[in-house]
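Observations on chain architecture
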Amino acid sequence: MSDLFHSPAAPTAGSHLIERLNQAQRQAVEAVDGPVLVLAGAGTGKTRVLTVRLAYIMAQGKAAPGQILAVTFTNRAAREMSERIAGLIGRPTEGMWLGTFHAIGARILRRHAELVGLRSNFTIIDTDDQLRLMKQIIEANQIDEKRWPGRALTSIISRWKDKGWTPDQVPAEEIGDFAHGKGVELYKQYQHRLTELNAADFGDLLLLNLRLFLEHPDILASYHQRFRYLLVDEYQDTNVAQYLWLRLLAQGSRNICCVGDDDQSIYGWRGAEVGNILRFEQDFPGAVVVRLERNYRSTAHILGAASGLIANNQGRLGKTLFTEPVEGEMGEPVKIQGVWDEAEEARTVGETIEDLQRNDHVLNEMAILVRAGYQTRAFEERLITIGVPYRVVGGLRFYERQEIRDACAYLRLIRQGDDDLAFQRIVNTPKRGLGNKSLQTLYTIARGRGQSLLTASEDIVTTDELPPQRRAGLRRFIEDIARWRAEASRLPPSELAEIVLDESGYTGMWMADKSVQAPGRLENLKELVRAMAEFESMEEFLDHVSLVMDVETGPGDDMANIMTLHSAKGLEFDTVFLPGWEEGVFPNQRSVEESGHAGLEEERRLAYVGLTRARKRAIVLHAANRTVHGQWQSNIPSRFVDELPEDHTERAEAAGYGFVQDEGALWQIAMNRPQRGDRQSNYHKVIEARSQRFGDGEEVFIPVGRGNDVPAIGSRVFHQKFGYGMVKSIDGSKLDITFDKAGQKKVMADFVKLA
DNA sequence: CGTATATATCTTTTT
DNA sequence: GATATATACG
C-alpha cells in the first residue's frame, strides 16, 4: 500500500477498487481524464463512485493527493468523503484539498488577501455581524430601517453575490426598489466597510476568489498547475459564483468531474441554479455523461412512491430509477396517516418508534424529517415524555449560540483590533456602564477620525469626551484587551480563552444569572475551551468556527434523529417519518407565494429527497390542525399526499380525529377519515377548535375563531401585573380594561386571561 | 444607564 | 411561544 502513489502506472493499478462496481459506476470511475458529468439518482452509490474515483486516480499514479481538489457542499459531506477515501487508500487524506466551497475559498483567499485589499488574517463574519453592519449603514444613509429592514437588504446582497455580481455588476433591472433603488449604493458602502474592517462575509469568500483569479492570471495559472483533478459533489446545488469559480479552475486541466441529481436540487432559494447541470455539456464539449440509475437503497414500494411523486415535476433531466427486486419483495408500502393535530402526530410517531424498538430496531436507524425547524418541538417534547433518546441534527448550531459568539468576539478583538463588529458586540458585555449613548459618541468620534473603535478608545479615555464614570469603564476594557493581547502570543488558544472568559467577568455574568438557560451556557463555554484545545493557533480555530459551525458529534449513542429535510440530504435510514404533509406547511406557503411554480417544484423535490432517505419504511403524516405562531391553523393534506401512487401506499387506520361539525354553540368532532382525492369536497377547512375536557371526562372542541380568544366586553379578566379587571371596550386586539386596583388601562388581548 | 414592560414580528430551508 | 425592539420609569 505504501508505494501506492509512487509505483509506475500499471494499466491494472487500482483495479481492485472497481471490482465491485456496476457498469455505470465503473464507467464513472474509469473516465478519469476530461470532463465528466455523473447524473446520480438517489441511492445509486454516488458517494461510493466519488470516493473510489479519487482513490483510483491516485492508485493509477495520475495525481498525488495535493493535486486533487474535491469540493462538497456541506462540511458533513466533506468529512464523510475524507473518511471513506482514507478507508480505501488505507491512510489519511493528507494534502488533499477537500472541503466546502467556502472553506476552500477562504483557504485560497488567505494566501493572497493583499491582492484584493485584505490582510491575510481577515475575519469571516457571521450573519449577526453582517446584520449589525448593515443596520449601521442604513442608519448612516438616513433610511427608515422600519420600512427597509437590514435583514432584507442582507439577503438581497447575498443573492447578488450568489450570482457573482459586485456592486458595479448588478444589472439595472435587478436593482429592485429597496430604499427607492438605493440598494446597490448601500451594497457598495457595505463592501467598503468590510474592507476597512478587514473582513469578508460568506459570499465574499467566493466573489473575492473570482476577482483574484480574473485580475491575476498568474495566480489562477498557479492553481491550474496545482489542481490536476477536480471533483464536485452535489453539483445541482451550485450557484453562479461557484459555477464561475469552478469553470475558471477547470480551464487548466479540464479534468473536472461533477456529480449531481437535478431531482435533488433544493437550494434554489440560496441561489442554486439547476441550469448549471444542464449547461455542463455546452461548457465542456465532449464531456462524458454517465447516469447512475440502479438504486441500492430503498424498497420497490418506496422507490415507486418517490418516482411517482417526482414525475409531477416538469423540466427534469429525466432518470428512471430502478431496483432489482429481491425475490419479488416490494417491502412495505409507504404509510399515510392523518392525525388531529401536532400533538397527536408526535404521539403517533412516538408509538411507532416504541413498536419498532420492541422489534429490535435501533433508534439510530430512525429519523423524523420536518420541513421547518419549528416542527421539531412537538417531537422533542413527546420523545422526552416517553423516554426515547434523540438528537436534533442541525438545529441551532453550537457556534451560533450567543455565549459562543460573545466569547469568540473577545478572541477576535484580541487578535485583530480593527474588528469593530466584535468590539461592539462585547464592549458592554458584561456591563461596563457603557450604554447606547456612550457607544454612539464613541462611534461618531471613531468614524470621524477614520479610526477603529479600539484605536479611538485609547485616545478617548484621556479626554473628557465621555463622562468620567463611562471613561473608567472603557479604560478598564481596553486595558484588559491590551493585556490579553500581550499574553496571546505565548499561550495556547484554549488557555487564553480561559483567562479571558474569567478576567472579563463574562463567566461571572452567567454565574450570577438566575435564568434557566444560564447553567447550559456555562456548560457550552466549558465545551468551547475544551474544543479549542484541538487547535494550534487562534487563526485556525476562528476559521473553524466560521466555516464549520458545528461541533463533532460524540460517539454514536443509539438515538432517534430529528432534522429538517434539507439537512437530511445525503443521509439514509431504515425508517423515515415524514410529518407535516399539509398544504401551507409542506409545500411551504411562502415558498409557493414567493417563487410560484418553481417554488412548488422545489418543494416537491424536497419531498422526493425525504422519501428517498428511507431504506425500508416511510411514514407520511398530516395533521388537520396545528399551532403556528401560537395560533391555531387548519390545513388540508398536502397535494404531495395525493401524488403518491396508490399502489405503493397504504392509508393507516387512525383513531380519534375527524371533522368539526356545527352543532349550535358547541362544535363537535365527527369521526371521518379523509379519503384519497377528497381534499376539496370532503376534507374542507376544519374550523379552528380547541379541545377542552369537562368534569365528566368528556372532551369537546370549542371553536376559537382565527387567532386567539378575545374576551368579550364585560368579561372578567386577569393580567399578570394589573390583577383582575373587567373589559370595557375592544378595539381589534386591544382591550380597554378597568382593573380593580390599577384602574383603566389599554392592554393587548394576549396579555390577559379569562378570569 | 439599566431594568421592566409593551409591542412587533416572526419561521422556511444553510455555507 | 420566543425573541428582538421600543418605550417608560427608576
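In the block above lies the structure referred to throughout.
The sections below set out a description of the structure shown in this document.

Conventions adopted
The numbers attached to residues start from 1 for each chain and follow its sequence in the written order. Note on labels: chains are lettered from A, ligands numbered from 1, in written order. With the structure being a predicted model, the display of local features is reserved for residues of pLDDT at least 70 and the display and counting of side-chain atom pairs for 80 or more, all residues being used for whole-chain, interface and lining totals. Remark: hydrogens and water are excluded; side-chain values derive from all non-hydrogen atoms of the structure. Secondary structure elements follow DSSP: runs of H or I of four or more residues count as helices, runs of E of two or more count as strands, with numbering from the N terminus. Following DSSP output, two strands are said to pair if at least two bridges run between them. Here an axis means a line fitted to C-alpha atoms, over the contact stretch when the element is a helix, while the angle between two N-to-C directions is reported on a 0 to 180 degree scale. Any pair of residues with heavy atoms lying within 4.5 Å of one another is described as a contacting pair. It suffices for a single heavy atom of a residue to lie within 4 Å of a molecule or strand for the residue to be listed as near it. The term polar contact refers here to a pair of N or O atoms within 3.5 Å; inside protein, the definition further demands a hydrogen-donor-capable atom paired with an acceptor-capable atom, and it admits residues adjacent in sequence only when both atoms are side-chain atoms. The pairing test for Phe, Tyr and Trp rings, Trp by its six-membered ring, is centres within 6.5 Å, and the orientation test on the planes gives stacked under 30 degrees, edge-to-face over 60, and tilted for anything in between. Note on classification: 1.4 Å probe, protein chains only; a residue is buried when its accessible area is under 20% of the maximum for its type, exposed when over 50%, partly exposed between these limits. Only when the NZ of Lys or the CZ of Arg is both within 6 Å of the ring centre and within 35 degrees of the ring normal is a charge said to sit over the ring. For salt bridges, the criterion is a side-chain nitrogen of Lys or Arg within 4 Å of an Asp or Glu carboxyl oxygen.

Note that the residue after Thr 429, namely Pro 430, is joined by a cis bond; omega there is 0°. With respect to the helices, strands and loops of the structure, Pro 430 is situated in the loop between α17 (420-426) and α18 (436-449). Phi at Gln 142 is positive, roughly 50°, even though this residue is not glycine. The phi torsion at Asn 198 lies on the positive side, around 55°, for a residue other than glycine. With respect to the helices and strands, the residue Asn 198 is situated in the loop between α8 (183-196) and β5 (199-200).

Quick look at the sheet that holds strand β7 (residues 256-260) now. An order of β3-β2-β6-β7-β1-β8 is seen for the six strands of this open sheet, with the pairing classed as parallel. The open sheet has two edge strands, β3 (97-100) and β8 (288-292), and neither has a second partner. Recorded for the sheet is a direction-independent mean angle of 15° between the axes of neighbouring strands. With four bridges connecting them, strand β1 (residues 36-40) and β7 associate as parallel partners. Paired with Leu 37 across the bridge in β7 is Cys 258. Contacts from helix α5 (residues 101-111) reach β2 (68-72), β3 and β6 (229-232), with the element oriented near 120° to β3.

Next up on the list: the protein's contact with DNA strand C. In the vicinity of DNA strand C, the contacting residues are Lys 135, Lys 146, Arg 377 and His 629. Backbone atoms, meaning sugar plus phosphate, form 78% of the atoms of DNA strand C positioned within 4 Å of the protein. Within the side chain of Lys 135, a nitrogen or oxygen atom sits 2.3 Å from a phosphate oxygen of DNA strand C. With respect to DNA strand C, the side chain of Arg 377 contributes an N or O atom lying 3.2 Å from a sugar or linking oxygen.

Turning our attention to the side chain of Ser 546. Mapped onto the elements of the fold, Ser 546 is located in helix α24 (residues 538-548). Dropping the residues within four chain positions of it, Ser 546 is found in contact with Ile 124 and Phe 202.

Here the focus is the packing of aromatic side chains. One pass over the full model with this rule turns up 22 aromatic pairs. An angle of 80° between the planes, with centres 6.3 Å apart, marks the rings of Tyr 506 and Trp 510 as edge-to-face. Here Tyr 506 and its partner Trp 510 are both found in helix α22 (residues 506-512), four residues apart, which amounts to about one turn of the helix. For the pair formed by Tyr 506 and Trp 510, the shared burial category is buried. Among the aromatic residues, those joined into a ring-pair cluster are Phe 73, Phe 101, Trp 245, Tyr 267 and Trp 269. One cation-aromatic arrangement involves Arg 107 over Trp 97; the distance from NZ or CZ to the ring centre is 3.6 Å.

Applying the stated criterion across every chain, the model contains 50 salt bridges. Here Arg 425 makes a salt bridge to Asp 128, at a shortest N to O gap of 3.0 Å. Of this pair, Arg 425 sits in helix α17 while Asp 128 sits in helix α6 (residues 127-140); the two residues are 297 residues apart in sequence, bridging distant segments of the chain. Here Arg 132 makes a salt bridge to Asp 129, at a shortest N to O gap of 3.0 Å. Of this pair, Arg 132 and Asp 129 both sit in helix α6, separated by three residues, roughly a single helical turn.

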